[in-house]
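Commentary on secondary and tertiary structure
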Amino acid sequence: MNEQGRFDTLGRLEDLPQDYRDELTAQNLVPLWPSLRAVLPPHVPARKTRPTHWSYEALRPLLLKAGELTPIEKAERRVLVLANPGHGLEKMQASAAMYLGMQLLLPGELAPAHRHTPNAVRMVVEGEGAWTLVNGEKCPMARGDLILTPTGLWHEHGHDGSGPVIWLDVLDLPLVYYIEASYHEEVPSQTVQPGQGVKAYARGGVAPTTVFQRSDKAYPMLRYPWADAKAALLSLAEDQPALESVQVTYINPETGKDAENILGFYAQLLRPGQTLRLPARSPAQVLHQIEGCVDVAVESSAFTLAEADTCAIPGYTAATLTNRSATEPAFIFIADESPLHRKLGVYEVRS
């Protein structure tokens, strides 16, 4: 028997005498070896996250019905949570570290100001006339825009237009809740302050300075317009026609690092008819279809992302994306757990 073979079969809890187990329990003690392979499995981690698809066509009527059933005063945030069944619907998790929610705001409504410890972003799905006020900066909300509401920043949502406005919330809530650091605070309202980060950082490669001093804001840019991200993707695709993966990362324009510190955010272009394989990486990821229609194959699962559909892909799992259009590009918003994995030193790309 080789050295490894000696440890292939570990002792079970049932192998221990009941009186010994009772003594351990009385002292709040647990033997490790019966559970060692569960917490440290060979080669690939145990994962609860399952490949999961949420259809916007099916979800939207239920969200609008929530608007009829529950006024904003009774909801504070009117959200349907996109829950991954692998974690249990009651856990309200899309993955180990990501929470997803589809939020509805109706004309004239105001979702009151608060702040919380989890980081959040909003990916606008539908409608016009809404805005998010983040630490005094008013961020208009248009389809495809990404708006940050990082940890500790006051934010509220209002709607001055007509028709429903819907957006996708992405938070690191499961992680912050797990470490027992999740809470919120409220404030009556905020005062709108002049200036918008999106205008200050309107051109790539340059940053505003005041007498040679750069910004000391942790989050100098809070709104990332879809028009700019889409233009960057199209320009990149045209400039580098042989480039297989046409992708941009949403970054902090002062530091060049990820826009937020736990989750990463990206926009992906698929050329007409293109098939792209996303390698197996350690972080789980979420895909949200902004424009076009894409077939997704993950392990033994396959589904089609129509516009505004969302899906979850487990970590350590490759995925294949195929643009169903032979004439038009497709655009996808991606959120993943990469910044967290890099900070922990566990980030991997397997293949």
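One can find the structure itself at the top, above this paragraph.
Presented here is an overview of the structure given in this document. (Residues numbered from 1 in each chain as written. Predicted model: local features only at pLDDT ≥ 70, side-chain atom pairs only at ≥ 80, totals over all residues. Heavy atoms only, no water.)

On the surface, a nonpolar cluster with roughly 520 Å² of combined accessible area is contributed by Tyr20, Leu32, Trp33, Val39 and Leu40. Position of tryptophan 33 among the secondary structure elements: in the loop between helix H1 (18-26) and helix H2 (36-39). (Patch = residues over 30% accessible without salt bridge, like charges linked within 9 Å, V, L, I, M, F, W, Y side chains within 5 Å. Areas by Shrake-Rupley, 256 points an atom, 1.4 Å probe, with all protein chains shown as cover. Salt bridge = Lys/Arg side-chain N within 4 Å of Asp/Glu carboxyl O. Helix = DSSP H or I, 4+ residues; strand = E, 2+ residues; numbered from the N terminus.)

This part takes up the pattern of salt bridges. In total, this model carries 14 salt bridges according to the counting rule given. Note that glutamate 307 is salt-bridged to arginine 143, the shortest N-O span being 3.1 Å. With glutamate 307 in the loop between strand S18 (301-305) and strand S19 (310-313) and arginine 143 in the loop between strand S7 (137-140) and strand S8 (146-149), this pair connects stretches of sequence that are 164 residues apart. With a shortest N-O distance of 2.9 Å, arginine 281 and aspartate 336 are connected by a salt bridge. Here the residue arginine 281 occupies a position in the loop between strand S15 (275-278) and strand S16 (285-291), and aspartate 336 occupies one in strand S21 (residues 330-336), the gap between them amounting to 55 residues. Of the two residues examined, arginine 281 and aspartate 336, each falls in the buried class. Bridged by salt links that share partners, the residues Arg12, Glu14 and Asp15 form one connected network. (Buried < 20%, exposed > 50% of the residue type's maximum accessible area, 1.4 Å probe, protein only.)

Below, the discussion takes up helix H7 (residues 226-239). Between its terminal C-alpha atoms H7 stretches 20 Å, which fits the 20 Å expected from 14 residues at 1.5 Å a residue. All of the buried residues along H7 are Trp226, Ala229, Leu233 and Ala237. Down the axis of H7, the sector holding all buried residues measures 70°, keeping them to one side. Among the exposed residues of H7, those pointing more than 90 degrees away from its buried face are Ala227, Glu238 and Asp239. The inward-facing, buried residues of H7 abut strand S12 (223-224), strand S13 (246-249), strand S14 (264-270), S16 and S21. (Expected span 1.5 Å × (residues − 1). Arc of directions from axis to C-beta. Contact = heavy atoms within 4.5 Å.)

One open sheet accounts for five strands, arranged S7-S6-S9-S4-S11; its pairing is antiparallel. Looking along the sheet, the strands with just one partner apiece sit at the ends: S7 and strand S11 (184-186). The sheet shows a mean angle of 30° between the axes of neighbouring strands, taken without regard to direction. Bridge count between strand S4 (residues 110-116) and strand S9 (residues 155-159): three bridges; the pairing is antiparallel. Across the sheet, residue alanine 111 finds its bridge partner in S9, namely histidine 157. (Pairing = 2+ DSSP bridges. Axes fitted to C-alpha atoms, helices over the stretch in contact; angles between N-to-C directions.)

Moving on to the pairing of strand S6 (residues 130-134). Along S6, five of the five residues are buried, which leaves the element largely enclosed by surrounding structure. Every second residue of S6 is oriented toward a common face, with Ala130, Thr132 and Val134 on one face and Trp131 and Leu133 on the other, all of them buried. Alignment of S6 against S7, held across four bridges, turns out to be antiparallel. Each bridged residue has a counterpart across the sheet, and for tryptophan 131 the counterpart in S7 is proline 140. Counted between consecutive antiparallel strands, the loop separating S6 from S7 contains two residues, among which asparagine 135 sits at a positive phi close to 50°.

Its location among the elements puts arginine 223 in strand S12. A polar atom in the side chain of arginine 223 sits 2.8 Å from the backbone oxygen of proline 140. Side-chain polar atoms of arginine 223 contact the side chain of aspartate 145, separated by 2.9 Å. Discounting chain neighbours no more than four positions away, the residues touching arginine 223 are Cys139, Pro140, Asp145, Leu146, Ile147 and Val198. (Polar contact = N/O pair within 3.5 Å; in protein donor to acceptor, adjacent residues only side chain to side chain.)

Purely geometric stuff here, so don't read any function into it on its own.
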